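# Structure at a glance
Take a look at the letters that make up each chain.
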Amino acid sequence: MDHFQYANGELCAEAVPIRQIADDIGTPFYCYSTATLERHYQVFADAVSGLDATICYAVKANGNIGVIATLARLGAGADVVSVGEMKRALTGGVPASKIVFSGVGKTADEMAAALKAGVLQINVESEQELETLSQVAASLGAEAAIAIRANPDVDALTHEKIATGKSENKFGVDWDAVPGLYAQARDLAGIRVAGIAVHIGSQILDLEPFRQAYGLIAGLVETLRADGHDIERVDLGGGLGIPYEHETPPTPEEYGAMVQSIVGDLGCRIFFEPGRLIAGNAGILVTRVINIKKGVARNFAIVDAAMNDLMRPTLYNAHHAIWPVTEPPVGAEEMEIEVVGPICETGDTFGKPRLLPELEAGDLVCVRTAGAYGAVMASTYNARPLVPEVMVNDKAYAVVRDRITVDDMLAREQLPDWLQG
Ligand code: LLP
């Protein structure tokens, strides 16, 4: 459930008409709903409340500091994969003691920064990384609390680009090598084994892959304990899917009950890293129709947002619902039309043709379910500046990231000596 609904014929974010924001700041822009973020966090928290659970919001889904601060106030920790995300989490008010540092390729500098900040845990993805972390921690006189990310070789049954739990994926430590790596970790300076981690992918619509992976992890916890390791924490990653179109993902309650039944008796603190589930339906991308182009084979609504603003349709063939900002009257005639951006590629589309009411130049439309992996994945292709992000809270709204201008972009470039003058 989200808080983007029509009221008095106009699409509103909570109690703020989208048109008002568009009139104030121009288009395109991302708009996030506080009430939706809070609701999603709370529903998930309630679903895992029977466990000693820590919810580390996956900052990669939406790293805006307004979003992070909203969740931090509810008690969320953060899962970060770069120093940049760590700084965002800290700026948004997440204490270092609730930050898990993940990621398949941490540099020594990033490890040092994470240790200096005092993050709760670093998830290790390879033997090489463990050795580097040991050296970095020892040189700082610090101790890194670690979890080793195990690769359970489980098919998450999701889009191939976002499946991470198969042995052919770059993530985690091969299952059979995990016990040996824990044995190594025990003797390494600057390393303290705290737990084990797994994350099998994103937009997972079936409980079965989770059940398989978590069952394997529970077994591994017993093995590692028998080997004398103190496994106090189990990090189960994120990945629970959300409805974009007609999907029916498991509910957080079903997911929570499944987790409880598998790891509930291990006596561990359980970490979750949801991203999409919290932010996905809490954001929309608002855009204005530049032109309607009627062709022989197809009709197009060319809008002022493009694939650089929201990559998901072209990158993953992802479906995002598109709604007109003015509510269509009941029974209004619809036309089949493809909503596309102005970028010079056929891939610059918001998806297959849709049935939409008659649109004309100047109309506002929104691309829904764009709160996760939307603004964070944007680029400046075609010299298109990053668009602003807005947060709504009941009747109030605030710009939480300004529009970047072309001049801002140009100010960061300079001609080499030999081309000056
Ligand atoms: N934890 C780890 C270690 C991850 O790699 C991810 C996502 C998450 C948690 C959060 O997963 P979530 O709950 O959001 O599914 N750009 C893609 C999604 C990439 C997900 C990467 N990892 C998309 O737009 O679909």
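Above this note sits the structure.
Parameters at a glance
Residues numbered from 1 in each chain as written. Predicted model: local features only at pLDDT ≥ 70, side-chain atom pairs only at ≥ 80, totals over all residues. Heavy atoms only, no water. Helix = DSSP H or I, 4+ residues; strand = E, 2+ residues; numbered from the N terminus. Rg over C-alpha atoms; globule rule 2.2 N^0.38 Å. Buried < 20%, exposed > 50% of the residue type's maximum accessible area, 1.4 Å probe, protein only. Contact = heavy atoms within 4.5 Å. Areas by Shrake-Rupley, 256 points an atom, 1.4 Å probe, with all protein chains shown as cover. Lys, Arg positive; Asp, Glu negative; His and termini not counted. Charge placed at Lys NZ, Arg CZ, Asp CG, Glu CD. Salt bridge = Lys/Arg side-chain N within 4 Å of Asp/Glu carboxyl O. Pairing = 2+ DSSP bridges. Near = heavy atom within 4 Å. Polar contact = N/O pair within 3.5 Å; in protein donor to acceptor, adjacent residues only side chain to side chain. Domains from an automatic or database assignment. Expected span 1.5 Å × (residues − 1). Core = buried A, V, L, I, M, F, W, Y, C linked by side-chain atoms within 4.5 Å. Axes fitted to C-alpha atoms, helices over the stretch in contact; angles between N-to-C directions. Parallel < 35°, antiparallel > 145°, perpendicular 65-115°, else oblique. Nonpolar A, V, L, I, M, F, W, Y, C, P; charged D, E, K, R; others polar.

Of regular secondary structure, the protein chain possesses twelve helices and 21 strands. Computed over the C-alpha atoms, the radius of gyration of the protein chain is 23 Å, within 12% of the 22 Å expected from 2.2 N^0.38 for a compact globule of 421 residues. For the protein chain, with 421 residues in total, the buried portion stands at 53%. Residue pairs in contact within the protein chain that sit at least 24 positions apart in sequence constitute 70% of those at least 6 positions apart. With the model as given, the accessible surface of the protein chain reaches about 18,000 Å², and the carbon-plus-sulfur share is 50%. Separation of charge centres in the protein chain, based on 33 positive and 56 negative side chains, amounts to 2 Å.

This part covers the pattern of salt bridges. Applying the stated rule across the entire model yields 14 salt bridges. With a closest N to O distance of 3.0 Å, Arg19 and Glu10 form a salt bridge. Salt-bridge contacts for Glu208 lead to Arg211; the nearest nitrogen and oxygen are separated by 2.5 Å. Placement of both Glu208 and Arg211 in helix H8 (residues 207-226) is noted, with a separation of three residues, approximately one turn of the helix. Judged by relative accessible area, Glu208 falls into the partly exposed class, the value being 34%. Overall, the relative accessible area of 37% leaves Arg211 in the partly exposed class.

The next thing to look at is the pairing of strand S2 (residues 10-13). Side chains on a regular strand alternate between the two faces of the sheet. Burial along S2 is two-sided: the face carrying Glu10 and Cys12 and the face carrying Leu11 and Ala13 are both buried. Taking the residues between adjacent antiparallel strands as the criterion, strand S1 (residues 4-7) and S2 are bridged by two residues, where Asn8 takes a positive phi near 50°. Bridging between S2 and strand S3 (residues 16-17) involves two bridges; their strand directions are antiparallel. When the sheet's bridge partners are listed, Cys12 is paired in S3 with Pro17. Here S2 hands over to S3 after two residues, with Glu14 in that stretch at a positive phi of 50°.

Time to look at the site of the ligand. Around the ligand, the structure places 18 residues, and the nearest of them are Ser202, Glu273, Arg276, Arg312 and Tyr373. In the model, a nitrogen atom of the ligand is placed 2.8 Å from a nitrogen or oxygen of the Tyr316 side chain. One of the side-chain N or O atoms of Tyr373 is found 2.6 Å from an oxygen atom in the ligand. When the ligand is considered free in solution it has 590 Å² of accessible area, and contact with the protein chains removes 91% of it. Three or more residues apiece are contributed to the shell around the ligand by two domains, here domain 1 (4-32 + 280-410) and domain 2 (34-276).

With 14 residues, helix H6 (residues 127-140) extends 20 Å from end C-alpha to end C-alpha; this agrees with the ideal 20 Å at 1.5 Å per step. Here H6 has its buried residues at Glu129, Leu130, Leu133, Ser134, Val136 and Ala137. Considering only its buried residues, H6 is in contact with helix H5 (108-117), strand S8 (121-124), strand S9 (144-151), helix H7 (178-186) and strand S11 (191-197). Gly141 occupies a position one or two residues after H6 and carries a positive phi of about 65°.

Core analysis: the largest hydrophobic core is formed by 100 residues, its most contacted members being Ile146, Ile196, Leu236 and Tyr255. Considering every element that reaches this core, the biggest residue donor is H8, with nine residues. Of the residues that make up this core, three or more belong to each of domain 1 (4-32 + 280-410) and domain 2 (34-276). Judged by nonpolar contacts, the second largest core, of 16 residues, contains Leu11, Ala13, Val16 and Ala22.

As a further point, take the sheet that holds S2. Pairing within the open sheet is antiparallel, and its three strands lie in the order S1-S2-S3. The outermost strands of the open sheet, each flanked by one partner alone, are S1 and S3.

Attention now moves to the packing of H6 against H7. Where H6 meets H7, the axes come as close as 11 Å, and the angle between the chain directions of the two elements is 10°. When the axis of H6 is compared with that of H7, the two are roughly parallel. Every residue of H7 that contacts H6 at Glu127, Leu130 and Glu131 is listed here: Leu181, Gln184 and Ala185. Within the contact of H6 with H7, the residues separate by chemical class into three nonpolar, one polar and two charged.

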